[in-house]
Structure formats: C-alpha cells, structure tokens
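Secondary and tertiary structure notes
If you want the building blocks of each chain, they are given just below.
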Amino acid sequence: MKTLIIRTDRLGDFYQTIPYINCLTRIYGKKNVDIVVKKHIYSHIKKKKYLYNSLYSFEKNGIFNKVSLILKLRKNNYKQIIIFDGKDRSIILSKFLNVDKIFHTYPQKKINFLTKIFFSKKYTTILDNQTIPLKYLYKSILDKIGVKIIKRDYKILLHQNIKKISILKNENIKNKKYILIHLDEKWFSDFYIKKYTNLSLKKNDFFLFIKKIVKKHYANLIITTGTIELPFITEISDKYFNINKKGYYYLKIGKYKIILLKKISIEILEIITMNAKSVITCHGPLSLISGSFNVNLIDIIEKTQKKWYERHTSHIMKYNKLYRIKFGKLAKQIMLKVKQ
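1. Looking at the overall build of the protein chain
Regarding its fold elements, the protein chain presents twelve helices and 14 strands. Taking 20 Å as the expected radius of gyration for a compact globule of 340 residues, we find that the protein chain reaches 22 Å, a close match to that expectation. Structurally, the protein chain occupies a C-alpha span of about 65 × 40 × 40 Å along its principal axes. Every one of the 340 residues in the protein chain was classed for burial, and the buried ones make up 53%. Taking as baseline every contact in the protein chain between residues at least 6 positions apart, the subset at least 24 positions apart corresponds to 62%. As presented, the protein chain carries roughly 16,800 Å² of accessible surface, and 54% of it is formed by carbon and sulfur atoms. Computed over 70 positive and 23 negative side-chain charges, the inter-centroid distance for the protein chain is 5 Å.

Set out below in structure tokens:
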C-alpha cells in the first residue's frame, strides 16, 4: 500500500519513529513508503536510503515551499498517511493530499470543538495524554492499520563497523571493546536548560574520573562532543591531552588510550555509539541508538522530568537511569553502571 509517513521534528524524534517505519517497509515494501521530515535533518536522513523510497523536506517558512511540497506529494497517489508527530502543521499538510485514510496522534489537551470540526471521518485520531510510553502510542497506530511490529524492526540503523572511521585507523579500537562518553552542552545547565540540576563539573574531577574508568575496565575510552564550542572541553583538551597528526586529542593510560573527538559528524557519532561497550550520555539521540544496538546505556536525566524520559526510553533493554546530581557523587554512580 502506497504510504506517506510524516515526522516533522528533531533527529531524536525521528530515531524514535524508525522501528515503525521499518515495520511498514517490511510489510508494504520499501518502494511503497515515502517520508516527510523537517528541513534541518533532511540532509542526514537522505543518506539512509535503506529506510524509504522517497524523502521530502518540510520547511516551516515560505508559502511557496509548502505549495511546492503539496504538489509533489499529490502526484504519488498515496492510499494512506501516517503522522507520528501529532503536529497541526502535519495534519494541515495531509488535508491537501486527497488521501482517504489518515492515522495520527494528537495531544489530548488540544482536542476541543474546533479540532473536532477540523478532523473529518477519514482521520483516525490516537489521543496522546503526554504520559503514554511512545512504544504503546505508536503501536496503537499500527493496530488501527492492522500491522504488527516485530523485534528486528527496532534496529533503527544499519550496522557499520568501527573500522569504517578512518581517523581511528591503527588505534586498536574494536567493536564492543571501548567505552563512550558523549560530553555535550547537556552536561552544563548554563548551556542547556538553566533550571535543570547543575552537575558542577570540574576539570580535575573529570580528568580523574576518566582515568579511573580506563584503569578499572581495561578499555579504551572515546569522548565525543556536541556542536557547541564549550569552554570546559577547550580547557581539558589543552591541559590534559596531546594532539596528533590526524587532528584529534589523545591521552595514553598504560596500554590504553583516551581519545577526544570534537564536533564530529553525526554519521561518525552513530558508528561510534552503535559499537560501544557502554555509553554514558545526558539523554538524547545517542540514547536511542544505544538502545537499538543493545549497548549498555548510562542515561543521565533530570529527576523532575523522569516521566517524560520514561516515555521515550521504555523500550530500551540495557537501560541505566541516573539523576542529575553534583558530579562528585554522580561519577561514583556511573562507575557502578559501566559494563565490565
């Protein structure tokens, strides 16, 4: 059945949707499944042609762009549309496509007289109370369609060997033999959400912590960063690390290495994550990649938002939840959760 899937938000949200895309391509065939994504993740998802037949970019601004997208989509004669983001913009887009079956989530708190008029009989609405785990919410859509998700659908990306990363060539970095710390802006409340608990991360404490991980677990350690240039990362790289000819920072601990990779591409970050033995991160897209590849995940979250996080992580098997606290105490908790 020719199907259009609409998911017009962030990369992590798209990762969350891939199992259900996989289910539909398995049943209908990849040639019958097209996807609309938000413009800012389009270039990245475009490289993953194993997920879809055709990919379209949704741009929030510009009436010309929206009309152009509608005209392109109308040519495909879709039999059904599935909207996973529950957003008004996606539902409005669907109303211009002359499709008889439209399945979508929608926030329960937004349902009122006007929205009831807004939806016609061809819309099958799955109400979302914002607390239902997403795996049940999206499964409800599949139930309405009459298809069943299976275990292999949860593999959200094609596996790629760590050897594919040229910068790590000859570094003796092997699949499932290293630990990953993703040190991005979420570790620092001032650069993320100011009301979240401040980890009070200090350079010397972090340095002692990463050395201890390597010595205790007899494993190489890779540290990756986000796209924001953080003073903390600049300071630790200048103070504790050496830089090699390939342009990355490293530190030798006996026969093992700590490797610091700054601002790498999301493609490389995906490969490093899927092949790690353990991943330590403040919750984000890497959490979902770790879950997909059965990596031991240490997910650092804000306690006041635990129900929101549980909504996004209830499907992950090797999941270790730690709350944001002062790093001195948090480091001890992380050490207990890292896979031996």
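2. Quick look at the packing of aromatic side chains
Taken as a whole, this structure holds twelve aromatic pairs when the rule is applied. Here the aromatic rings of Tyr 20 and Tyr 138 are separated by 5.3 Å at their centres, their planes lie at 75°, and the arrangement is edge-to-face. Residue Tyr 20 is found in helix 1 (residues 11-28), and its partner Tyr 138 is found in helix 6 (residues 134-145); the two are separated by 118 residues along the sequence. For the pair shown, Tyr 20 and Tyr 138 are each scored as buried. One aromatic cluster is present, built from ring pairs that chain together Phe 188, Phe 206, Phe 209, Phe 232 and Phe 327. Residue placement shows Lys 257 over the ring face of Tyr 250; its charged tip is 4.7 Å from the ring centre.

3. Here we look at the nonpolar core
Ranked by internal contacts, the top residues of the largest apolar core, which has 57 residues, are Phe 14 and Ile 272. Elements with a minimum of two residues in this core: helix 1, strand 2 (33-38), helix 2 (39-46), helix 6, strand 7 (178-183), strand 11 (256-261), helix 9 (266-274) and helix 10 (285-292). Per-element accounting of this core gives the leading share, nine residues, to helix 1. Non-local contacts of Phe 14, meaning those with residues more than four positions away in its chain, are made with Arg 7, Ile 21, Ile 35, Val 37, Ile 41, Ile 45 and Leu 51.

4. Considering the sheet that holds strand 11
In space, the eight strands of this open sheet follow the order 9-10-11-8-7-12-13-14, with mixed pairing throughout. Strands with a single pairing partner mark the edges of an open sheet, and in this sheet they are strand 9 (242-243) and strand 14 (319-323). Of the pairings in the sheet, the one linking strand 13 (residues 296-301) to strand 14 comprises five bridges and is parallel in character. Paired with Asp 299 across the two strands is Lys 321, which belongs to strand 14. Here helix 7 (residues 203-217) sits on the sheet and contacts strand 7, strand 8 (220-225), strand 10 (249-253), strand 11 and strand 12 (278-282); the angle it forms with strand 7, its principal contact strand, is near 160°.

5. Some thoughts on the pattern of salt bridges
Any two side chains of opposite charge can pair, on the condition that their charged atoms come close. On inspection of all chains with the given rule, the structure shows 16 salt bridges. Here Lys 47 makes a salt bridge to Glu 267, at a shortest N to O gap of 2.8 Å. Pair noted here: Lys 47 is in the loop between helix 2 and strand 3 (55-58) and Glu 267 is in helix 9, with a separation of 220 residues, a long-range link. Owing to a relative accessible area of 56%, Lys 47 belongs among the exposed residues under this scheme. Lys 110 serves as the salt-bridge partner of Asp 88, at 3.0 Å between the closest nitrogen and oxygen. Taken as a pair, Asp 88 in helix 4 (residues 88-95) and Lys 110 in the loop between strand 5 (101-107) and helix 5 (113-118) lie far apart in primary sequence, 22 residues in all. One salt-bridge network, in which partners are shared between bridges, spans Arg 7, Asp 9, Arg 10 and Asp 13.

Scoring rules and cut-offs
- Residues numbered from 1 in each chain as written.
- Predicted model: local features only at pLDDT ≥ 70, side-chain atom pairs only at ≥ 80, totals over all residues.
- Heavy atoms only, no water.
- Helix = DSSP H or I, 4+ residues; strand = E, 2+ residues; numbered from the N terminus.
- Rg over C-alpha atoms; globule rule 2.2 N^0.38 Å.
- Buried < 20%, exposed > 50% of the residue type's maximum accessible area, 1.4 Å probe, protein only.
- Contact = heavy atoms within 4.5 Å.
- Areas by Shrake-Rupley, 256 points an atom, 1.4 Å probe, with all protein chains shown as cover.
- Lys, Arg positive; Asp, Glu negative; His and termini not counted.
- Charge placed at Lys NZ, Arg CZ, Asp CG, Glu CD.
- Phe/Tyr/Trp six-rings, centres within 6.5 Å; stacked < 30°, edge-to-face > 60°.
- Lys NZ or Arg CZ within 6 Å of the ring centre and 35° of its normal.
- Core = buried A, V, L, I, M, F, W, Y, C linked by side-chain atoms within 4.5 Å.
- Pairing = 2+ DSSP bridges.
- Axes fitted to C-alpha atoms, helices over the stretch in contact; angles between N-to-C directions.
- Salt bridge = Lys/Arg side-chain N within 4 Å of Asp/Glu carboxyl O.

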